[in-house]
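Inside the fold
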Amino acid sequence: GQQLNQSPQSMFIQEGEDVSMNCTSSSIFNTWLWYKQEPGEGPVLLIALYKAGELTSNGRLTAQFGITRKDSFLNISASIPSDVGIYFCAGWDPGADGLTFGKGTHLIIQP
Amino acid sequence: DVKVTQSSRYLVKRTGEKVFLECVQDMDHENMFWYRQDPGLGLRLIYFSYDVKMKEKGDIPEGYSVSREKKERFSLILESASTNQTSMYLCASRATGGTTEAFFGQGTRLTVV
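All values reported here derive from a predicted model rather than from experimental measurement. (Residues numbered from 1 in each chain as written. Chains lettered and ligands numbered in written order. Predicted model: local features only at pLDDT ≥ 70, side-chain atom pairs only at ≥ 80, totals over all residues. Heavy atoms only, no water.)

1. Examining the overall build of chain A
- When helices and strands are counted, chain A shows 0 helices and 11 strands.
- Beginning at the N terminus, the succession of helices and strands in chain A can be written as β-β-β-β-β-β-β-β-β-β-β.
- Dimensions of chain A, computed from the C-alpha atoms along their principal axes, are close to 45 × 30 × 20 Å.
- Taken over 111 residues, chain A has a buried fraction of 45%. (Helix = DSSP H or I, 4+ residues; strand = E, 2+ residues; numbered from the N terminus. Buried < 20%, exposed > 50% of the residue type's maximum accessible area, 1.4 Å probe, protein only.)

2. Regarding the environment of A:L55
All names here are of chain A.
- Residue position: L55 is located in strand β6 (residues 55-58).
- Residue class for L55 comes out exposed when judged on its relative accessible area of 57%.
- Taking the C-alpha atoms as reference points, L55 and I80, 25 residues apart in sequence, are found 22 Å from one another.
- The contact partners of L55, leaving out residues within four places of it in the chain, are T62, A63 and Q64. (Contact = heavy atoms within 4.5 Å.)

3. Quick notes on the interface of chain A and chain B
- Counting residues at the interface gives 21 residues for chain A, matched by 25 residues for chain B.
- When the two sides are added together, the surface that chain A and chain B hide from each other amounts to roughly 1,800 Å², 56% of it contributed by carbon and sulfur.
- Summed over the shared surface of chain A and chain B, the result is 1 salt bridge.
- For B:R9, the salt bridge identified is with A:E41, shortest N-O distance 2.9 Å.
- Counting across the chain A and chain B interface gives 6 residue pairs in polar contact (both at pLDDT 80 or more).
- Of all the elements, strand β4 (residues 31-37) of chain A adds the most residues to the side of chain A that touches chain B, at 4 residues.
- Classifying every residue of the side of chain A that touches chain B by side-chain character gives 11 nonpolar, 7 polar and 3 charged. (Buried area = accessible area lost by both parts, 1.4 Å probe. Salt bridge = Lys/Arg side-chain N within 4 Å of Asp/Glu carboxyl O. Polar contact = N/O pair within 3.5 Å; in protein donor to acceptor, adjacent residues only side chain to side chain. Nonpolar A, V, L, I, M, F, W, Y, C, P; charged D, E, K, R; others polar.)

4. A word on the sheet that holds strand β1 (residues 5-7) of chain A
Residues and elements named next belong to chain A.
- Read across the open sheet, the 5 strands follow the order β1-β3-β8-β7-β6; overall the sheet is antiparallel. Each of the sheet's edge strands pairs with one partner strand only, and the pair in question is β1 and β6. On average, each strand axis in the sheet is tilted by 15° relative to the strand beside it, whichever way the strands run.
- As judged from the 4 bridges shared by β6 and strand β7 (residues 61-65), these two strands associate in the antiparallel manner. Along β7, the bridge assignment pairs S57 with T62. (Pairing = 2+ DSSP bridges. Axes fitted to C-alpha atoms, helices over the stretch in contact; angles between N-to-C directions.)

Shape descriptors only; they carry no functional weight alone.
Structure follows, in structure tokens:
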């Protein structure tokens, strides 16, 4: 199956810092989704993006659907300890069998 | 809220056992998926189903089968469990349509000894 290139793989940051991560693909997607997974739990949907250029916020989280439809970005402002987890991007191509996932960005916050 | 429920959070099974992982969703979604998640490999699609009694192989179906007798329930079966099937298993569901989200269950951590 397809794979998305998600970067960075991991981030070690100080509490209060802003965070940026992104996903790129060689394929065009109609939908981009961002999930967060905490240890031992399933991924939880954070933000869904449906249109190229769309910018959507959910509290301190902001995500954008790239204009080329081949990339997406997630920003977290003023990080707090509960932001720790693995963040996954996922793209939806109607011609594919399901969502294509990035391998995740592991966010670690140092107090 | 959409709820996807997996029957077990943790399972320990012996090599060679037949293992059933159950998943139930309460939002009348047509599409259901089984993934496994391993460190460094991300989420990999095992099987999916677009409708009752319908199933399609994903990227890594070997050693697995599935059953979808009712719309709300999608079962993953390990016919003869092996140690390389030790993993986190995630079920997801999605409504039909091009721009809809997938919702995940809480995951089942399976250990085969």
